[in-house]
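# Understanding the architecture of this molecule
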Amino acid sequence: MAIPAKLTGSGRLILLYLSLELLLEARAGSILYSVPEETDKGSFVGDVAKDLGLEPRELAERRVRIVSRGRSQLFSLNPRSGSLVTAGRIDREELCLQSARCVVSFNILVEGEMKLFPIEVEIIDINDNTPQFQLEELEFKMNEITTPGTRIPLPFGQDYDVGINSLQSYQLSSNPHFFLDVQQGPNGPQQPEMVLQSPLDREKEAAHHLVLTASDGGNPVRSGTLLIHVQVVDANDNPPAFTRSEYHTSVPENVPLGTRLLVVNATDPDEGANGEVTYSFHNIDHNVARIFQLDSYTGEIANKQSLDFEEYKVYPMEIQAQDGAGLMARAKVLIEVLDVNDNAPEVSITSVTTAVPENFPPGAIIALISVHDQDSGDNGRTTCSIPGNIPFKLEKLVDNFYRLITERTLDREHTSGYNITVTATDQGTLSLSTQTHISLLVTDINDNPPVFEQDSYSVYIPENNPRGASIFSVKAQDADHHENAQVTYSLVEDIIQGVPLSSYFSINSDTGVLYALQSFDYEQFQNLQLRVMAHDSGNPRLSSNVSLSLFMLDQNDNAPEILYPTFPTDGSTGVELAPRSAEPGYLVTKVVAVDRDSGQNAWLSYRLLKASEPGLFLVGLHTGEVRTARALLDRDVLKQSLVVAVQDHGQPPLSATVTLTIAVADSIPDILADLGSIRTPGNPQDLNLTLYLVVAVAAVSCIFLVFVIVLLVLKLRHWHSSRLLQTATNGLAGLQATNLVGVDGVHAFLQTYSHEISLTADSRKSHLIFPQPNYADTLISQESCEKKEFLSAPQFLLEDKEEIFSQASCMLCKCSTNFKMAWSGLKLTL
């Protein structure tokens, strides 16, 4: 507490009194300090940290600060020393006018604990104001017949200081006709009066000049002076007289400017100038004089500025009436100001939190609010409220302070922010209210996992999809915010047919787009099961997964595959047999085909695409059976060629064709007899060349056959001579042998019998093999000849010696083999 260095005895008593008073008030709950006015900025006032039981460094840690209302900040906290210091120069007279005790009240807020500590600082007056009179000069007239002892009230001086520093005494300059008498007024201030002690004589001295000095009790003493001019006039024996000694009126503070508030009236029975009364203010405060105006002729008092109940509740003034001769009378006027509800409550947000997490517990403090109304009575009583549909409530503290707290747990996904309207309302007749808004942002915590739009997904993709193409997209939403809502996607690893899932699919971690890394074949994969995982980026990370079923859609990518008839591996062409005795509808053969696709892509239909003799055969649309359309006639050629097309029902349709060769004959000899007549259309030059070659081969064969017959005759004669036979055999064994070209196995299909005719590629002649035992004629294969076995022979040969005919058979077989070799060479040449 800052105290001047030098104090008088009375000053010490005053200081002791103030100290005791501060101690008593401190025990009542407030922290009291004192500081002299007009001290420099930063002057020490009190050790706040010590009085609060804190260390200086804790002031910043606990966010200790000053909370005041209604005036500018007069004090501040020194964070390093923990002391309360002045924030600027303090003028006690401006702050408290002439109040006996000037106390500044405010609160210290420990924001970390939301505690308030009331503080009161008394401003100690210093002698910084000189006593002043309202007028620098005073001039009045006195009748020379004025009797001694007449008292003339003088203007009192005004000193804005208080206590010992206030105005203490008056002195009047020496004059033989006047002396000074100071009366103690009923309200405390001294009232100087000038007393006439000897009669005046205008003829001797027409004017008197005196000086009134007002002095205070400060150290050093300050004083002010008033020059008094007394004009001695002729006798005027009747002074003005007011109708009342004191005038009183009450007006509302919102009275319009220029309103007539009061009229004073004084009368003078004298005549002429001695009876003309004029009015003027006497001993009025400067601030009051600026507010009111007085009509000097009518005595009407009006306001020239607005009245303010919060500044003055009563305006005291003194009105002086003076006649033309200088006689005066005075009356007191009291104008009481009535309070009206003209001030709306003031709402101050002392401390506020702008953002809270959504898991903020109930009862957490959001803001500290103070409400103040400058009006009085019911007009100054306030209530504070907030809307009822929000999860907050107000709790009242001391001194019209409220705190805003949470009433229940917040949910950002339900409401991401609040604009809280705080309404303060007074209790006046026409209540006034003030609203202020607190914007509160609810920050997100990661309390929601990603949620897919569907519980499961089914995806249909066509087979043969391009590699790397997107096939589907999943989407998961997270109700959280910012990074807590950033969703990334991944595939749950799995094994498909021994291969990792990542070899087949990949997913964009940001967009959820699924890509196929391979082209799928419906015939290999009909459906696949995947699981997609969605993770958010919060801490801790939350996730969810969803099942994804992939179904392959079959595409028509496989042409029909013909299973029957099959082409021989040696290049020959199969031949089907149709007896000439076949009736219409006779089943000749059946084309069997399959399609690896499914559904309508695998539905096959058969049709006859081309026939060497149209109308002879027909093909079943759905069965592929080749049947005769009419009875076979003798004029029908032996070899019939059919081209059968097999087509599926896909889009676009795919097809395959097969060429059938059908031999028309009733028996095997017919086939052998007519075999030479089978021709294939071609170039005439080729036909001539073929004819020449056949004739040449036939001539060579005949010569060879004659040679064989001659050899056989010799063998018959000399059959008993084994050496000669052996020599002939060795001679024949020197000939080069070839395998039989164009002979296939017999395939039985949908019939009780089966037959096949094998032709070498581009052949003009064919070899027919009939393995059925019901035919009489049989062709002897080369293998049976080499094993010295034969299937059948003429009866007359069996009657001879077995050995001879066995050797002859072998020779015939070799002859036939050489013929076949020549014929095959001829066909290859063609």
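Residues numbered from 1 in each chain as written. Predicted model: local features only at pLDDT ≥ 70, side-chain atom pairs only at ≥ 80, totals over all residues. Heavy atoms only, no water.

Turning our attention to the overall build of the protein chain. Within the protein chain, the secondary structure is distributed over 11 helices and 53 strands. Taking as baseline every contact in the protein chain between residues at least 6 positions apart, the subset at least 24 positions apart corresponds to 67%. Accessible surface, the protein chain as shown: approximately 44,300 Å² in total, 52% of it carbon and sulfur. (Helix = DSSP H or I, 4+ residues; strand = E, 2+ residues; numbered from the N terminus. Contact = heavy atoms within 4.5 Å. Areas by Shrake-Rupley, 256 points an atom, 1.4 Å probe, with all protein chains shown as cover.)

Let us now look at the sheet that holds strand β16 (residues 246–252). If you walk across this open sheet you meet the 4 strands as β16-β23-β22-β19, and the pairing is mixed. A single partner strand is all that each edge strand has here, and the edge strands are β16 and β19 (278–282). The sheet shows a mean angle of 30° between the axes of neighbouring strands, direction not considered. Summarising the sheet, β16 and strand β23 (residues 328–338) pair through 7 bridges and their orientation is parallel. Following the sheet pairing, Glu-246 is matched in β23 by Lys-332. (Pairing = 2+ DSSP bridges. Axes fitted to C-alpha atoms, helices over the stretch in contact; angles between N-to-C directions.)

A word on the layout of surface pockets. Its boundaries defined by the atoms lining it, the largest pocket holds a volume of some 1,600 Å³. Only β10 (167–172), β12 (190–196), α5 (286–291), β22 (314–322) and β23 provide two or more residues apiece to the lining of the largest pocket. Taken together, the residues that form the lining of the largest pocket break down as 19 nonpolar, 19 polar and 8 charged. (1 Å grid on protein atoms, 1.4 Å probe; cavity = no way out; pocket = protein on both sides within 12 Å on 5 of 7 lines; lining within 4 Å. Points joined across faces, edges and corners; volume = space filled by probe spheres on them. Nonpolar A, V, L, I, M, F, W, Y, C, P; charged D, E, K, R; others polar.)

Let us now look at the environment of Asn-283. For Asn-283, the location among the structural elements is in the loop between β19 and α5. Along the chain, Asn-283 and Pro-316 lie 33 residues apart, while their C-alpha atoms are 9.8 Å from each other. Contact partners of Asn-283, with chain neighbours within four places excluded, come to Gln-134, Leu-154, Pro-155, Phe-156 and Glu-318. Separated by 3.2 Å, the side chains of Asn-283 and His-282 make a polar contact. (Polar contact = N/O pair within 3.5 Å; in protein donor to acceptor, adjacent residues only side chain to side chain.)

Here we take up a nonpolar patch on the surface. Together, Leu-691, Tyr-692 and Val-695 give the surface a local cluster of nonpolar side chains, amounting to about 340 Å² of exposed area. With respect to the secondary-structure elements, Val-695 resides in helix α7 (residues 684–717). (Patch = residues over 30% accessible without salt bridge, like charges linked within 9 Å, V, L, I, M, F, W, Y side chains within 5 Å. Salt bridge = Lys/Arg side-chain N within 4 Å of Asp/Glu carboxyl O.)

This part covers the pattern of salt bridges. If you walk through the whole model with that rule in mind, you get 16 salt bridges. The salt bridge partner of Glu-61 is Arg-57, with a shortest N-O separation of 3.8 Å. On the criterion of helical spacing, the pair formed by Glu-61 and Arg-57 is a turn pair, its members being 4 residues apart in helix α3 (residues 56–61). Residue classification places Arg-57 among the exposed residues on the basis of a relative accessible area of 56%. The salt bridge involving Asp-636 is made with Arg-630; its shortest N-O contact spans 3.3 Å. Residue class for Asp-636 comes out buried when judged on its relative accessible area of 2%. When salt bridges with common partners are traced through the structure, they connect Glu-38, Asp-40 and Arg-89 into a single cluster. (Buried < 20%, exposed > 50% of the residue type's maximum accessible area, 1.4 Å probe, protein only.)

Time to look at the sheet that holds strand β9 (residues 151–153). Strand order in the open sheet made by the 3 strands is β9-β12-β11, with antiparallel pairing throughout. Whereas interior strands pair on both sides, the edge strands pair on one side only; in this sheet they are β9 and β11 (178–184). If you compare each strand with its neighbour and ignore which way they point, the axes differ by 35° on average. Bridge analysis of β11 against β12 gives 7 bridges, and the strand direction is antiparallel. Note on β12: the bridge partner recorded for Gln-183 is Gln-191.

For the rest of this paragraph, the subject is the environment of Ile-390. As for its position among the elements, Ile-390 is in the loop between β27 (382–385) and β28 (392–396). Overall, the relative accessible area of 13% leaves Ile-390 in the buried class. Ile-390 sits 16 residues away from Thr-406 along the chain, and the two C-alpha atoms are 9.2 Å apart. When residues no more than four places from it in sequence are discounted, the contact partners of Ile-390 are Glu-407, Arg-408, Tyr-418 and Ile-420.

Turning our eyes to something else, we now look at the pairing of strand β4 (residues 75–78). With 4 bridges connecting them, β4 and strand β5 (residues 83–86) associate as antiparallel partners. By the bridge assignment, Leu-77 is partnered in β5 with Leu-84.

Turning to unusual backbone geometry, a few remarks are in order. Residue Pro-540 is reached from Asn-539 by a cis peptide bond, and omega for that bond is 5°. Following the sequence through the fold, Pro-540 ends up in the loop between β41 (527–535) and β42 (543–553). Here the amide bond leading from Gln-651 into Pro-652 is cis, since omega sits at -5°, within 30 degrees of zero. Looking at the element boundaries, Pro-652 is found in the loop between β50 (639–647) and β51 (655–664). Of note in this structure, His-482 is not a glycine but carries a positive phi near 55°.

A separate point is the confidence of the model for the protein chain. On average, residues of the protein chain score 78 in pLDDT, and 78% of them are at 70 or above. In this model, residues 678–682 is a region of pLDDT below 50 whose contacts with residues beyond four sequence positions or in other chains number 6 contacts. (pLDDT = per-residue confidence, 0-100.)

Turning next to the side chain of Asn-484. Among the secondary structure elements, Asn-484 is positioned in the loop between β35 (476–477) and β36 (488–491). The exposure class assigned to Asn-484 is buried, which follows from its relative accessible area of 8%. Engagement of the side chain of Asn-484 in a polar contact is seen with the side chain of Asp-444, the distance being 2.9 Å.

Moving on, we get to the environment of Leu-501. In this fold, Leu-501 is placed in the loop between β38 (499–500) and β39 (505–507). Residue classification places Leu-501 among the buried positions, given a relative accessible area of 1%. In this structure the C-alpha to C-alpha distance between Leu-501 and Leu-530, which are 29 residues apart in sequence, comes to 8.5 Å. In contact with Leu-501, other than residues within four places in its own chain, are Leu-491, Val-492, Glu-493, Asp-494, Ile-496 and Leu-530.

So, about the packing of aromatic side chains. Given two aromatic rings, their pairing is described by the distance between the two centres and the angle made by the two planes. Scanning the model with the defined rule gives 14 aromatic pairs in all. Ring geometry for Phe-505 versus Phe-520: centroids 5.2 Å apart, planes at 20°, classification stacked. Note that Phe-505 is positioned in strand β39 and Phe-520 in the loop between β40 (513–516) and β41, a separation of 15 residues in sequence. Phe-505 gets classed as buried once you look at its relative accessible area, which sits at 1%. The class for Phe-520 is buried, based on a relative accessible area of 1%. Taken together through their ring pairs, the aromatic side chains of Tyr-504, Phe-505, Phe-520 and Phe-525 make up a single cluster. The aromatic ring of Phe-309 is capped on one face by Lys-313, whose charged end is 5.0 Å from the ring centroid. (Phe/Tyr/Trp six-rings, centres within 6.5 Å; stacked < 30°, edge-to-face > 60°. Lys NZ or Arg CZ within 6 Å of the ring centre and 35° of its normal.)

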